[in-house]
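Here is what each chain is made of, one letter per residue.
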Amino acid sequence: MTRVDDIAGRVSAARAEAEARGETFYPGPSRIHLAAFPPKERWDDWVELESRDWPKRTERHYLLVPTTCFNCESACGLLAYVDRDTAQVRKFEGNPEHPGSRGRNCAKGPATINQVTDPDRILQPLKRIGARGEGRWEPVSWEVALDDIASRIRTAIVEDRRNEIMYHVGRPGEDGFTERVLASWGVDGHNSHTNVCSSGARAGYHFWTGIDRPSPDHANADVILLVSSHLEAGHYFNPHAQRVMEAKQRGAKLIVFDTRLSNTATHADHWLSPYPGSEPAILLAIASYLLRNGLHDREFMRRWWNWAEYLAAEHPERAPVFEEFEELLGELYAPYTFEFAAAESGIDAATVQRVAELVGDAGTRLSTHTWRSASAGNLHGWQVSRTLFLLNAMLGAVATPGGTHPNAWNKFVPRPIHTPPHPGTWNELTWPLEYPLALNELSFLLPHFLKEGRGRLDVYFTRVYNPVWTNPDGLSWMEVLTDETMVGLHVALTPTWSETAFLADYVLPMGLGPERHDLHSYEQYDGQWIGFRQPVLRAARERLGEQVTDTREVNPGQVWEENEFWIELSWRIDPDGSLGIRQYHESKEQPGTKLSVDEYYGWIFENSVPGLPEKAAAEGLTPLAYMRRYGAYEVRKGIGPIYEEPVPDDQLVDVGEDHFGRVYTRAPAPASPNIVPTAAPEPDDHGRRPVGVRVEGAVRRGFPTPSGRLEFYSRTLADWGWRDQAVPGYERSHVHPEAMDPDQVVLISTFRLPTQIHTRGGNAKWLDELAHTNPLWIHPRDAARIDIGNGDLVTVETEIGSYVVKAWVTEGIRPGVVACSHHMGRWKLAAQGENSQRQMMATVDLARDDGRWRMKRLAGVSPYRSSDPDTARIWWSDVGVHQNLTFPVHPDPISGQHCWHQAVRVRKATPAEAYGDIVVDTAKAHEVYRRWLELARPAHRHSPDGTRRPYWLMRPLKPAKPIFNLPAEDGSPVREGEALR
C-alpha cells in the first residue's frame, strides 16, 4: 500500500467514526482527521489542555463563538475561544464553517487577540482640549459626545449645509450599512480610500462588464495569470491563495507579472519582472498572438462582444458583420509584437512568447486577476485590468469553470430592513466635475479642494482611516486638519491611535472585529456566501442565558460598536422625526422605538437570504440564532454564466429594443433602492430599465453595461471625451523612461507586507515582531552606481521632498527600479506621550520653516511596562520611514486613481542626514496637483448629455437622478439632456 492509499484509508475511517458519533467531519489542512477543527457539535464546551501548565494536565473549557476577521477585506472566518470560567477570549483560530476561508487564516487572523488586549488601545471617548495636535485630551461621556455631534449635524441639515457633513472610511468591513445612514440624513457625504487603493483596476473591469471587480475561479484553472503579488498580499489573498495552490498541485501553471520578487513570484512557473507601466504592452502582445493563431473563441466574441456598436461608431464604412470586425481587430493589435513588448518591458521576447502560448492553451480555464499593483501605480493604469480581461474575453473564459467571473455574481448583498431614498444633493468635494468617469471619490484631493475654497467641512468623520499617514501628501492633510476654518469638527472613530486621530476633536473608541456587528460577502470562488461578524462576548453570554442589549455591556472599557452608535446618533439628530431621518432607524416590530441590532440582522436573515430560514429551522434555530452559532452561510455555489440566462417572458411585456439588441422597458423604471445591487443594470438616460439583450433571437440577461454585452468598445469613454481610450490599449505611464530624466529611477511604493494591516497592524504585537521596517529594495547594479552597500543610508528625492532610509541590496528587483513598502513609518509627536501607540510609532519632531516641513526622528520604539508583560520584551527599535509624506498627488484623469509610482533620484545620504529625516514642500505639492489637474477632461466641457457623470457608472452612494444634471455657470440647474459646451 502506498502512503497516499494509507492516508486515504485513514481519512475514510475517520470520517466514518465522526459520522457514527453524529459529528461533522473536518478533514483539516493535511486531509487527515486531526483535532485542528473542533466539531461544531462541541462548540459549547470544547476542552483543551493548558500548554503553559505542562506536564500538569490542566483542562480549559471554552465556548467557541464564530466571527470574521477585520484585518483585511477577505473577512475570513474566526472562532473566538471564550474561557467559560473567566468569560474572556483566550485566542482566535479559523472557522471551518466559513465557505471562503474554510478554517484557514493567515497570521493576521490569530493576531486579532493582540488587538483586543493591546494595552495602548483607546477605551473611552476623548475630547480635545487645547489646540489640535497639542496632545491634550479629557475623558467625556458618550452622552456629551453624541449630543454635541448630533447638534452640529442637525444644524447643518436645517440650514441646508448638508455638503459640510462627510464620512471618510478606510476599510468598510460591511456591506452598505453606513451608506444607508448617510442616505437617511439626505447627505452625499460618503468618502472612501478607494482612489488610493483600487479604482484603477475597478475602472478597467467596469468598462468591460459593468461590474468593478473580477472573481477568478483559481481552483479550477489550468493557467493562472496574476498582475500583482496576489498570493500573499492581493485582494482576498488567503481564500484565493488556498485555491491557487490547489490548482498548482493539480498541475495548473502560475504566471506572475511583478517587478519585485514577491512571495507570489517565488511560486510562479513564469515570473516576469517588467518595467513599471509596461504590463499592457505585454498583455496586448499576447492578445495579438491569440488573433494571429486563431486561438480566440470566435463564437463567444460574436455573441457577447459589442463589436457591432464599435463598427457603427468607428468604422461605419465597413459592413456590419463579425468578419469585418475580426479583420479590424487583427489590424488594431498587429503592432503589438513580442519584440515590441520586449522593448517596452525589458522582458525577453521568447519569454513573452512562451507565456502567450500557455495562455492560448488555457482556453476557457484561464483565471486572471489584478488589483492594486500596476493598475494603482501608473498613469493609465486602468488599462492594465482592461487589457488583462481582454484575454479572458477573447478566450471565452468568462464565468466558466476555471475562468474569471464578474464579482457581483459571486457576491451576495441582502436587502436591508430600511432603504432610504437617494440624497438630493451632490458633493463636489468628493465628486468634482473635473473627473466625471472616476470610479470612486477623489478623496486624496480633499486638502487641495479645501485650500482652494471649493467648500468647507463642518462635521468630518474619519473611520478606520488614517489619511495623514496612508494618503500621499500627508502634510497637506495635516495643514487642513489643524485649520478649524476648513474643518469645523473632526470626529475620529477608531479602535487605536493614529497620526490622523491626533488631529481630531473627538476620538471615539469603536469596536475591533470581535466587538462589532457587520455583514459581508466577497468573491472568492464560484459561489455566494454571507458572513456575520459579531461581538463574541455578547454572543457567548447570550448562549449562557444572559440578555445583552448594548455592546458596551460586554466590550472592554466604553468601547461601542458602530451600528448602535449610528442608530443612536440618528435619533439624536432627529429626535421627534420631523426631519424624516428617524423613520429609517425605527423598529418595525415596535414602531416608535429604536431599531435594535437583533431586529436589524434578524429581519435580513429571515427575509433576504434564500434558504437560510429553512436551513436554520432544520436545526431548530431562528435564522439569526443560526448565524450567531455558525458565523457564515453558503447561499449558492456553481453560479456559472449568468449572462446566458434567458429573461422570463413575464419580464418582456411592453419592452423596446435598440438597434444593437438592447431590450428595455418602454415606461420609466421605478425608483431604484439607494444601494443598488452591483449586478443590476442602471436605468438609461430616459429612465428605462434594461431587462436583457437579444442574442440570436432569444433575450438573455447579458451584462449590466449600456449595451448589455461585454464592452470591448466603451461608448461611454468615447462620448465623454476619451475616444482615443475607448478600446483596450497601451499608453505609456508617467514613469516611462522617456518621461524621466536620465538620473531618475522608478520608485514602487504600492507593495504590501503579508503580515501588516496599514494602521491597524500597529497594535498587534505578533505582527509587529514579524515585520517592522521598510528598507529600500535596490538592485546591485544601481547600488554600485551610487556607491552604497546593504544597510547604508540613502536619500530618496521626490518632486516635493525627500526621505532617508536604509538600503537593501537585492537581485529581487530589476535595475532602474527601487521599491519600498508603504506599510511602515508610523510616527507620533512627543506631546502625545502615552496617548499613543508605543509598539510601532517612532517619536519625531515636526517643524515648518521657510515653507518646508522637516521631520526629525527623536527615538524609535523601546521596551515599556504595561498590562501586557510582552511590551517589556520589545527587542526592535526601527519602525521604518513614512515615505508617503513625500509623494504629491497624481490623479489619473479617467479612473481618478492616485498613480503611486514616483520618478525619484536616489543618492547616498550625507553625514548631515539621519535615518528617518523627511523634508516636504507643500507649496510644491499644490503645484503638482494643479499640473495633473490639467490632464482632466471636465464634465462641463465634455458631457454629451448635460449630466455630471454617466448615470450607469457605479457610485457607492448615488444621489437622486435629477441631481446628476450639470449646474449652469450661475449655479441654477440645467434642463435634463441639455449639454454645456
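Residues numbered from 1 in each chain as written. Predicted model: local features only at pLDDT ≥ 70, side-chain atom pairs only at ≥ 80, totals over all residues. Heavy atoms only, no water.

1. Side note on the overall build of the protein
- A count of helical and extended segments in the protein gives 29 helices and 34 strands.
- A buried classification covers 65% of the 981 residues belonging to the protein.
- By sequence separation, contacts in the protein at least 24 residues apart represent 71% of the contacts at least 6 residues apart. (Helix = DSSP H or I, 4+ residues; strand = E, 2+ residues; numbered from the N terminus. Buried < 20%, exposed > 50% of the residue type's maximum accessible area, 1.4 Å probe, protein only. Contact = heavy atoms within 4.5 Å.)

2. Let's talk about the environment of Lys451
- With respect to the helices and strands, the residue Lys451 is situated in helix 17 (residues 446–451).
- On the accessibility criterion, Lys451 (31% relative accessible area) is partly exposed.
- Lys451 sits 28 residues away from Glu479 along the chain, and the two C-alpha atoms are 9.3 Å apart.
- Not counting residues within four places of it along the chain, the set of residues in contact with Lys451 comprises Ser476, Glu479, Val480, Met486 and Thr922.

3. Comments concerning the sheet that holds strand 7 (residues 165–169)
- Spatial ordering of the open sheet is given by 6-5-17-16-15-7-8, a layout of seven strands whose pairing is mixed. The open sheet has two free edges, formed respectively by strand 6 (137–139) and strand 8 (190–192), since each of these has just one partner strand. When the angles between neighbouring strand axes are averaged without regard to direction, this sheet yields 20 degrees.
- Inspection of the sheet shows strand 5 (residues 126–128) paired to strand 6 by three bridges, in the antiparallel sense. (Pairing = 2+ DSSP bridges. Axes fitted to C-alpha atoms, helices over the stretch in contact; angles between N-to-C directions.)

4. Notes on helix 24 (residues 623–630)
- For helix 24, a buried count of six out of eight residues is recorded, marking the element as mostly surrounded by other parts of the structure.
- Those residues of helix 24 not exposed but buried are Pro623, Leu624, Tyr626, Met627, Arg628 and Tyr630.
- For helix 24, the elements touching its buried residues are strand 2 (59–68), strand 19 (527–533), helix 20 (536–543), helix 22 (597–607), helix 23 (612–618) and strand 20 (632–637).
- Immediately beyond the C-terminal end of helix 24, within one or two residues, lies Gly631, with a positive phi of roughly 85 degrees.

5. As for the packing of aromatic side chains
- Applying the stated rule across the entire model yields 50 aromatic pairs.
- Geometrically, the ring pair formed by Phe340 and Tyr730 is edge-to-face, given 6.2 Å between the ring centres and 80 degrees between the ring planes. Of this pair, Phe340 sits in helix 13 (residues 338–345) while Tyr730 sits in the loop between helix 25 (715–719) and strand 25 (745–748), placing them 390 residues apart in sequence.
- Residue Phe340 is classed as partly exposed on the basis of its relative accessible area of 28%.
- Among the aromatic residues, those joined into a ring-pair cluster are Tyr205, Trp208, Trp305, Trp307, Tyr310, Phe322, Phe325, Phe389, Phe712 and Tyr713.
- Here the guanidinium or amino end of Lys594 rests over the ring plane of Trp571, the centre of that ring lying 5.7 Å away. (Phe/Tyr/Trp six-rings, centres within 6.5 Å; stacked < 30°, edge-to-face > 60°. Lys NZ or Arg CZ within 6 Å of the ring centre and 35° of its normal.)

6. Some details on the side chain of His772
- Considering the arrangement of structural elements, one finds His772 in the loop between helix 26 (765–770) and strand 26 (776–778).
- What makes His772 buried here is its relative accessible area of 12%.
- Side-chain polar atoms of His772 contact the backbone oxygen of Asp768, separated by 2.8 Å.
- Among the polar contacts made by the side chain of His772, one reaches the main-chain carbonyl oxygen of Glu769 at a distance of 3.5 Å.
- Beyond its immediate chain neighbours, meaning those up to four positions away, His772 contacts Met824, Met840, Trp875, Trp876, Asp878, Val879 and Gly880. (Polar contact = N/O pair within 3.5 Å; in protein donor to acceptor, adjacent residues only side chain to side chain.)

7. Some points on the sheet that holds strand 19
- Read across the sheet, three strands follow the order 18-19-20 without closing on themselves; strand pairing throughout is antiparallel. At either end of the open sheet lies a strand with only one pairing partner, and these are strand 18 (518–520) and strand 20. Taking each pair of neighbouring strands and ignoring which way they run, the sheet shows an average axis angle of 15 degrees.
- Sheet analysis places strand 19 next to strand 20, joined by five bridges and oriented antiparallel. Looking at strand 20, one finds that Gln528 is bridged to Arg636.
- Its contacts with the sheet place helix 22 against strand 18 and strand 19, and it is angled at close to 30 degrees to strand 18.
- Together, strand 19 and strand 20 form the strand contacts of helix 24, whose direction differs from that of strand 20 by roughly 105 degrees.

8. Describing the confidence of the model for the protein
- Looking at the protein, the pLDDT average stands at 93 and 93% of residues meet or exceed 70.
- Taken as a whole, residues 1–5 scores under 50 in pLDDT and shows one contact with residues more than four places along the chain or in a different chain.
- Confidence drops under a pLDDT of 50 for residues 28–34, and excluding neighbours within four residues, the segment shows 14 contacts in the predicted structure. (pLDDT = per-residue confidence, 0-100.)

9. Section: the pairing of strand 4 (residues 89–94)
- One ladder, built from five bridges, connects strand 3 (residues 77–83) with strand 4; its direction is antiparallel. Following the sheet pairing, Leu78 is matched in strand 4 by Gly94.

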